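So the chains spell out like this:
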Amino acid sequence: MRIPSRRMPKASPESPSGWRRIAAPLVMWGLPLSLGAWYLWSLVQAPVAVLTGTVVIPGVAAAWYFGRGRPELKRTKAALRALAAARAGQSICEFSRDFGVRPKAAA
């Protein structure tokens, strides 16, 4: 039988072991710094390609967001507002009763 959580002893935070103390900052700082260094090295090697990629990818994402994503989001919000307005005045109990819990029997 499992022990209920109210009966479990309080958790005590443990300090990280030796290798975790070294590995965590290396990952947290080393990865972003190495990516930044790689980006600068690539910028020196092929500035046109890197700058084009740096501008084109966010540009395409912004064009999609403002062209397709944002209007779709507005339509979704409008549909949810209409649904909420149709259910105005209902309590949570009445709302939950609207959903069928038991499958309907085949006639």
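In case you missed it, the structure is sitting above this.
From a predicted model like this one, the values you see are computed outputs, not experimental measurements.

For the rest of this paragraph, the subject is the overall build of the protein. Secondary structure summary: the protein contains three helices and zero strands in total. Relative to a compact globule of 107 residues, whose C-alpha radius of gyration would be 13 Å, the protein shows 27 Å and is clearly more extended. When the backbone C-alpha atoms are referred to their principal axes, the protein occupies close to 70 × 55 × 35 Å. Within the protein, the proportion of its 107 residues that are buried is 3%. Taken as a whole, the protein presents about 10300 Å² of accessible surface, with 68% of it coming from carbon and sulfur.

Taking 1.5 Å of rise per residue, the 28 residues of helix α1 (residues 18-45) would be expected to cover 40 Å, and the 39 Å separating its terminal C-alpha atoms lies within 8% of that figure. Of all bends in α1, the biggest is about 30 degrees, found at G30, and the proline P32 comes one to four residues later. Where burial is concerned, little of α1 is hidden: one out of the 28 residues are buried.

Let us look at helix α2 (residues 47-86). The first and last C-alpha atoms of α2 sit 56 Å apart over 40 residues, in line with the 58 Å expected at 1.5 Å per residue. The largest bend along α2 reaches roughly 45 degrees and is located at Y65.

Turning to a nonpolar patch on the surface, a few remarks are in order. A cluster of nonpolar side chains, L31, L35, W38, Y39, L40, W41 and L51, forms an exposed patch at the surface whose accessible area comes to about 780 Å². Top contributing element to the nonpolar patch by residue count: α1, with six residues. Following the sequence through the fold, W38 ends up in helix α1.

Bringing the pattern of salt bridges into the picture now. Under the criterion given, the structure shown has one salt bridge. For R68, the salt bridge goes to E72, with nearest N and O atoms at 3.9 Å. Taken together, the positions of R68 and E72, both in helix α2 and four residues apart, correspond to about one turn of that helix.

Looking now at the packing of α1 against α2. At their nearest, the axes of α1 and α2 sit 5 Å apart, and the two run at 125 degrees to each other. On the basis of their axis angle, the class for α1 and α2 is oblique. Of α2, the residues touching α1 (which contributes Y39, S42, L43, V44 and Q45) are P47, V50, L51 and T54. Class assignment for the residues of the contact of α1 with α2 results in six nonpolar, three polar and no charged.

Before going further, it helps to spend a moment on the environment of V50. Residue position: V50 is located in helix α2. Residue classification places V50 among the buried positions, given a relative accessible area of 16%.

The rules behind each value
- Counting restarts for each chain: residues are numbered from 1 in the order of the written sequence.
- Selection of residues for local features in this predicted model requires a pLDDT of at least 70, selection of side-chain atom pairs for listing and counting requires 80 or more, and totals for whole chains, interfaces and linings are taken over all residues.
- With hydrogens and water set aside, each side-chain value is computed from the structure's full complement of heavy atoms.
- For the purposes of this entry, the term helix denotes a DSSP run of H or I that reaches at least four residues, the term strand denotes a run of E that reaches at least two, and both are numbered from the N terminus.
- A radius of gyration in this sense is built from C-alpha atoms; the matching globule rule multiplies 2.2 Å by the number of residues raised to 0.38.
- Accessible area is worked out with a 1.4 Å probe on protein chains only. A residue is then buried under 20% of its type maximum, exposed over 50%, and partly exposed in between.
- Note on areas: these come from Shrake-Rupley sampling with a 1.4 Å probe, and a residue is covered only by the protein chains present in the view.
- Multiply 1.5 Å by the residue count of a helix minus one, and that product is the helix's expected span.
- To get the bend at a given residue, fit one axis to the seven residues ending there, fit another to the seven starting there, and take the angle between those axes.
- Residues form patches when they are more than 30% accessible in relative terms and have no salt bridge. Like charges link within 9 Å. Nonpolar side chains (Val, Leu, Ile, Met, Phe, Trp, Tyr) link within 5 Å.
- For this document, the term salt bridge refers to a Lys or Arg side-chain nitrogen within 4 Å of an Asp or Glu carboxyl oxygen.
- To obtain an axis, a line is fitted to C-alpha atoms, over the contacting stretch when the element is a helix, and the angle between two such axes runs from 0 to 180 degrees between their N-to-C directions.
- Roughly parallel here means an angle under 35 degrees, roughly antiparallel means over 145, roughly perpendicular means 65 to 115, and every remaining angle is called oblique.
- We call two residues in contact whenever any of their non-hydrogen atoms come within 4.5 Å of each other.
- Amino acids are sorted into nonpolar (Ala, Val, Leu, Ile, Met, Phe, Trp, Tyr, Cys and Pro), charged (Asp, Glu, Lys and Arg) and polar (every other residue, Gly among them).

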